[in-house]
Amino acid sequence: MGSLNGRIITMISLGLFHTIALDSSGNAHAWGSNSHGQIGIGNTTRQQIPVNISTYNGSILGVRLTQVIGSITFSYALDISGNVHSWGRNDVGQLGTDATIPSDVTRPTRVNFGSLVGVHVASIAAGGGNGLAIDSSGRLHIWGENVSGQIGNNTTSSHVSTPVLSASGSLANVRVRSVACGTANVIVLDTSGNIHAWGNNMHGQVGIGNSIQQRLPINITANGSLNQSRIVQVASMQWAVFALDASGRMHSWGQNPNGELCIGTIGGATRLSPELCGNIGSMSGRFITQMGLGFRFGTAIDTTGALHAWGFPTGATVPSHLAVPWSVNSIIPTPTPSPTPTLTPTPTPTPDPGSYPPVALTSSLVISGAPYGNGTYQLTGSDRSLTDWLTVFDKLSTTNWGTSASWQTRANTSVPWVWGGAAVTINSLTLSGPWLRIALPQAITLTKMTLTAPSDALYPKEFYIFGSNNGTTWTQVYYTNSQISGTSNIGKVYNISPTPTTAYSWYWLIITQPSATTTASFLNRISELSYGTL
């Protein structure tokens, strides 16, 4: 329709009541509300069909664009040369052009002011009244509203109308990977996987355990459920913030009046610190790869391609308040048997490899560590020559395995994992009991597995191990129903027999009988799972 006919769309962004799309030729198309010139065509007339705004007079005329952003009543674009362009409402300096405030700008204008002069910008973002840019050196630039300290320089002036470098507080000497904004708060992910936050905190959206306004960036990586997690994406709603870790788990904090936090409830007390969320409804047991948040609702994509939504969505076919995730495209993964599994390793589907390259594994692998240790387990070969660190998981509390607080991956892990307790069906077998699914950076042939627990714990009487190279098609690798009691806290080694000949990059452990005597004995006391080919 309109200017989109015959175009290949590569990116789309939503403002409050307008939409901007980017096509494969680098042209921007926009439609919807234009009350402040946010469409960018030189007037304030509403556009009911898409128009190619790259053909109108303005700074993006004839310029190839690489990114477009629609915010509440203003818009941004980034071109191939690293220049930022803005247009629309400018009541708090959100256009960054040092223009008179308030003053609507109805055509794109290049933001060549303040700290952005002569700077090559790599990506852009927008908040309720702010613009943000990350340059090619990983530095963050910000401009616009500042009544809640969202500029991050320890001030609360009404606005900052030209870009300034944000390098105060915990952002000093830090390289930024990505940034997200709520209505008046900012959340940053740096290249080391740390989260920094500041600005309005009346609903706990900074994540520091209180509701005190934060005018300087503060590192919140150790707070709440974020502790020791490797974060790969951050996102923000109006008054709620989310983080996605490398294990496919979501964390949320802030306000929840419409079920925004994805915790299965509406209203209630705000979360002042990050807590795990999202392992309910259609997302139960799913490995999340990407999040997309709106004003008061959220969406997420898992490894099966299923799209999930929650919060306060629009549309007649979904509930008005969705506290429990709902599958938008109703994809339910059904594993199917494969008589001849592929031998070609499939790369681990991590949400964002970032600055953590895959760990090079050898044919002799063991992951080991002292039970109830500090959560770091060293990856070593039989010759003890490797020095990389690889973490599976370890126990952080005394509650059962199948609860979100019990197990966490540790810092810099390269092994995404998902746990669950609901019954699963694999190759026509319906199996009940706690389970753990691990994705490796490289396929290995599993010949031994160690379960480590204190000496008084009983090891499982019956469990299965399945292998896969795509996370969908599974082959049974091992089964045992032999009860063995632990004799020391070194653990019990299970020899995989008959010896497998196929290497797999995914392994799924399902414990169908945790122990012969008491389930709690095993679930509450096991402290480590190791696997290897020694």
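Thresholds applied
Residues numbered from 1 in each chain as written. Predicted model: local features only at pLDDT ≥ 70, side-chain atom pairs only at ≥ 80, totals over all residues. Heavy atoms only, no water. Helix = DSSP H or I, 4+ residues; strand = E, 2+ residues; numbered from the N terminus. Contact = heavy atoms within 4.5 Å. Core = buried A, V, L, I, M, F, W, Y, C linked by side-chain atoms within 4.5 Å. Buried < 20%, exposed > 50% of the residue type's maximum accessible area, 1.4 Å probe, protein only. Phe/Tyr/Trp six-rings, centres within 6.5 Å; stacked < 30°, edge-to-face > 60°. pLDDT = per-residue confidence, 0-100. Disulfide = S-S within 2.5 Å.

Brief notes about the side chain of Gln-214
Argument step 1. Note that Gln-214 resides in strand S16 (residues 214-219).
Argument step 2. Beyond its immediate sequence surroundings of up to four residues, Gln-214 is in contact with Ser-148, Gly-149, Ala-197, Trp-198, Gly-199, Val-206 and Ile-208.

Some thoughts on the nonpolar core
Across soluble globular proteins, nonpolar side chains have a tendency to be buried as a group.
Argument step 1. Formed by 16 residues in total, the largest nonpolar core has its most connected members in Phe-242, Met-250, Cys-262, Met-283 and Trp-310.
Argument step 2. The set of elements that each furnish at least two residues to this core consists of strand S17 (231-236), strand S18 (240-245) and strand S21 (288-293).
Argument step 3. Ranked by residues supplied to this core, first place goes to S18 with three residues.
Argument step 4. Ranked by size, the runner-up nonpolar core spans 15 residues in total, among them Phe-74, Leu-95, Leu-116 and Val-121.

Focus: the packing of aromatic side chains
Argument step 1. All chains considered together, the criterion is met by eight aromatic pairs.
Argument step 2. Note on Tyr-76 and Trp-143: the rings are 5.9 Å apart at their centroids and 75° apart in plane angle, and the pair reads as edge-to-face. With a gap of 67 residues between them, Tyr-76 in strand S6 (residues 74-79) and Trp-143 in strand S11 (residues 140-145) connect regions that are remote in the sequence.
Argument step 3. In this structure Tyr-76 comes out as buried when scored by relative accessible area, which is 1%.
Argument step 4. Looking at Trp-143, the relative accessible area reads 1%, which means it is buried.
Argument step 5. Judged by centre distance (6.0 Å) and plane angle (10°), the rings of Tyr-464 and Phe-466 are stacked. The pair formed by Tyr-464 and Phe-466 is uniform in burial state, with each residue classed as buried.

Some details on the environment of Gly-285
Argument step 1. Along the polypeptide, Gly-285 turns up in the loop between strand S20 (271-277) and S21.
Argument step 2. Assessed through its relative accessible area of 12%, Gly-285 is described here as buried.
Argument step 3. Spatially, the C-alpha atom of Gly-285 lies 9.7 Å from that of Gly-248, the residues being 37 residues apart in sequence.

With respect to the confidence of the model for the protein chain
Keep in mind that low pLDDT regions are not for reading the predicted coordinates in detail.
Argument step 1. In this model, the protein chain carries an average pLDDT of 77, and 71% of its residues clear a pLDDT of 70 or more.
Argument step 2. Confidence drops under a pLDDT of 50 for residues 333-415, and excluding neighbours within four residues, the segment shows 213 contacts in the predicted structure.
Argument step 3. Considering only residues more than four positions removed or in separate chains, one finds that residues 485-490, a stretch of pLDDT under 50, has 17 contacts.

Considerations on the state of the cysteines
Argument step 1. A full pass over the atoms with the stated rule returns zero disulfides.
Argument step 2. Counting only cysteine sulfurs, Cys-277 is the nearest neighbor of Cys-262, a cysteine outside any disulfide, at a range of 5.3 Å.

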